[in-house]
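Observations on the model geometry
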Amino acid sequence: MSNLSQWQPWWLIIPAAGFGQRMGADQPKQYLTLDSRSVLEVTLSRFIGLPGLQGAVLALAPDDALAPALLANFKDFPLHYAVGGATRSASVRAALRTVQQHCLNDQTLVLVHDAARPCVRRADIEALLTGAFAAKDGALLATPVRDTLKQANTYHTVQATVPRAGVYHALTPQAFACGLLAHALDFAEQTGCALTDDSSAIELLGKAPQLVLGHADNIKITHPDDLPLARLILQAQGQWHPAQAPLVG
Ligand code: CTP
Ligand code: MG
């Protein structure tokens, strides 16, 4: 058991500047409703009150006017906004600049967590923080792959069975020293590498982030089926606010 009160100060970045093309909704998926609250509100609420958290920076799309009004409930919490970019990495990099304006120490830990992952367990965030403070090159939540993996060929028939031993799904949050993450994202951009998570940028520098076991219910809402699934997960976790919302819809 870690001693949470011993954590150093840390910051949170939530990239929320995507539109959710795969979701196919008429608004960005982070604004779809889970219970009485939007996906983004539930996601942010998972972090509020954790020891050491200095503030959060949300990366938003340039034309996004919804978030500040929606998040007015969090008025006692130091919430900042940055204009996101065309890719997730560009959005994280923009938010990181805002963190660096408020915190001059390059060693300060920054957690990056997708807006689209409202089901992350508090205990998993705590495990990640504990792991990241002890790790040399940062840390990320991950779950072992359960299914058998198949490599497909261009005809969608099986080309090979891929060994799954030691293979993990990378989740978020992922946590790194803010100076290292800024350098890694800049390097990836200069080398033209397209990234789908932040650990990949650190790995490009030859570093090896620590895998911290998380739970598979930390899903990323991606396709339409994921929204009702997230509602069920929140209910099972006791995080559902039933008074204000129906289960269907
Ligand atoms: N994101 C971002 N800036 C972008 C693209 C994505 O901040 N230019 C954020 C999303 O808002 C999301 C997280 O990164 O919270 C994970 O990305 P993903 O699940 O791919 O979301 P979208 O890019 O919005 O969805 P899609 O790829 O289906 O369009
Ligand atoms: Mg995307």
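The shown structure was predicted, so the numbers you read here are calculated from the model rather than taken from an experiment. (Residues numbered from 1 in each chain as written. Chains lettered and ligands numbered in written order. Predicted model: local features only at pLDDT ≥ 70, side-chain atom pairs only at ≥ 80, totals over all residues. Heavy atoms only, no water.)

**A look at the site of ligand 1**
The full set close to ligand 1 counts 18 residues, and Gly20, Gln21, Lys29, Ser91 and Lys220 are the nearest of them. Within the backbone of Phe19, a nitrogen or oxygen atom sits 3.2 Å from an oxygen atom of ligand 1. In this structure, an oxygen atom belonging to ligand 1 sits 3.2 Å away from a main-chain N or O atom of Ala115. A total of 560 Å² of accessible area belongs to ligand 1 in isolation, and the protein chains cover 87% of it. A molecule is said to occupy a pocket when more than half its atoms come within 2 Å of that pocket's grid points, and by this definition ligand 1 occupies the largest pocket. Taken together, the elements giving at least two residues each to the shell around ligand 1 come down to strand S1 (10-16) and helix H3 (88-102). Looking at the shell around ligand 1 residue by residue, the class counts come to seven nonpolar, six polar and five charged. (Near = heavy atom within 4 Å. Polar contact = N/O pair within 3.5 Å; in protein donor to acceptor, adjacent residues only side chain to side chain. Areas by Shrake-Rupley, 256 points an atom, 1.4 Å probe, with all protein chains shown as cover. 1 Å grid on protein atoms, 1.4 Å probe; cavity = no way out; pocket = protein on both sides within 12 Å on 5 of 7 lines; lining within 4 Å. Sits in = over half its atoms within 2 Å of the grid points. Helix = DSSP H or I, 4+ residues; strand = E, 2+ residues; numbered from the N terminus. Nonpolar A, V, L, I, M, F, W, Y, C, P; charged D, E, K, R; others polar.)

**Here we look at the pairing of strand S5 (residues 139-144)**
With five of six residues buried, S5 is to be regarded as a mostly interior element. As paired elements, S5 and strand S8 (residues 168-177) share five bridges and run antiparallel to each other. Residue Leu140 lies in a different strand from S8, and its bridge partner there is Gln174. Of the pairings in the sheet, the one linking S5 to strand S9 (residues 210-213) comprises four bridges and is parallel in character. Residue Ala142 lies in a different strand from S9, and its bridge partner there is Leu213. (Buried < 20%, exposed > 50% of the residue type's maximum accessible area, 1.4 Å probe, protein only. Pairing = 2+ DSSP bridges.)

**Some remarks on helix H7 (residues 226-236)**
Along H7, the residues classified as buried are Asp226, Leu227, Ala230, Arg231, Ile233 and Leu234. One side of H7 holds all its buried residues, which, seen down the axis, span an arc of 165 degrees. At its buried positions, H7 is contacted by helix H1 (39-45). Downstream of H7 by one or two residues, Gly238 has phi in the positive range, about 75 degrees. (Arc of directions from axis to C-beta. Contact = heavy atoms within 4.5 Å.)

**Let's talk about unusual backbone geometry**
Omega for the peptide link from Thr172 to Pro173 comes to 10 degrees, which places this bond in the cis form. Its location among the elements puts Pro173 in strand S8. Located in the positive-phi region is His156, a residue other than glycine, with phi close to 60 degrees. Within the fold, His156 resides in the loop between strand S6 (149-152) and strand S7 (158-162).

**Let's talk about the pairing of strand S2 (residues 53-60)**
Counted residue by residue, S2 has seven buried out of eight residues, so it is predominantly covered. In this sheet, S2 lies alongside S1 in parallel orientation, the contact comprising seven bridges. Residue pairing for S2: Pro15 is matched across the bridge by Ala59. Read from S1 through H1 to S2, the crossover connection turns out right-handed. Here S2 pairs with strand S3 (residues 79-83) via five bridges, running parallel. Across the sheet, residue Val57 finds its bridge partner in S3, namely His80. (Right-handed = clockwise from strand over helix to strand, strands pointing away.)

**Looking at the packing of H3 against helix H5 (residues 178-190)**
It is the contact of H3 with H5, at a shortest axis distance of 10 Å, that shows an interaxial angle of 145 degrees. Of the two possible hands of crossing, H3 and H5 adopt the one that is left-handed. Between H3 and H5, the contacting residues are Ser89, Val92, Arg93, Leu96 and Gln100 on the first element and Cys178, Gly179, Leu181, Ala182, Leu185 and Asp186 on the second. (Axes fitted to C-alpha atoms, helices over the stretch in contact; angles between N-to-C directions. Left-handed = near helix turned anticlockwise from the far one by under 90°.)

**Some words on a nonpolar patch on the surface**
Among the surface-exposed residues, Tyr168, Leu211 and Leu213 lie close enough to one another that they form a single nonpolar patch of about 300 Å² accessible area. Leu211 gets classed as partly exposed once you look at its relative accessible area, which sits at 42%. (Patch = residues over 30% accessible without salt bridge, like charges linked within 9 Å, V, L, I, M, F, W, Y side chains within 5 Å. Salt bridge = Lys/Arg side-chain N within 4 Å of Asp/Glu carboxyl O.)

**Details of the sheet that holds S3**
An order of S3-S2-S1-S4-S8-S5-S9 is seen for the seven strands of this open sheet, with the pairing classed as mixed. The open sheet has two free edges, formed respectively by S3 and S9, since each of these has just one partner strand. Strand-to-strand twist across the sheet, computed as the mean angle between neighbouring axes with direction ignored, equals 30 degrees. Where H5 meets the sheet, it contacts strand S4 (109-112) and S8, and its direction lies at approximately 120 degrees from that of S8.

**A few points about the confidence of the model for the protein**
Close inspection of predicted coordinates is inappropriate for parts of the model with low pLDDT. Of the residues in the protein, 94% reach a pLDDT of 70 or more, and the chain-wide mean stands at 94. Considering only residues more than four positions removed or in separate chains, one finds that residues 244-249, a stretch of pLDDT under 50, has 10 contacts. (pLDDT = per-residue confidence, 0-100.)

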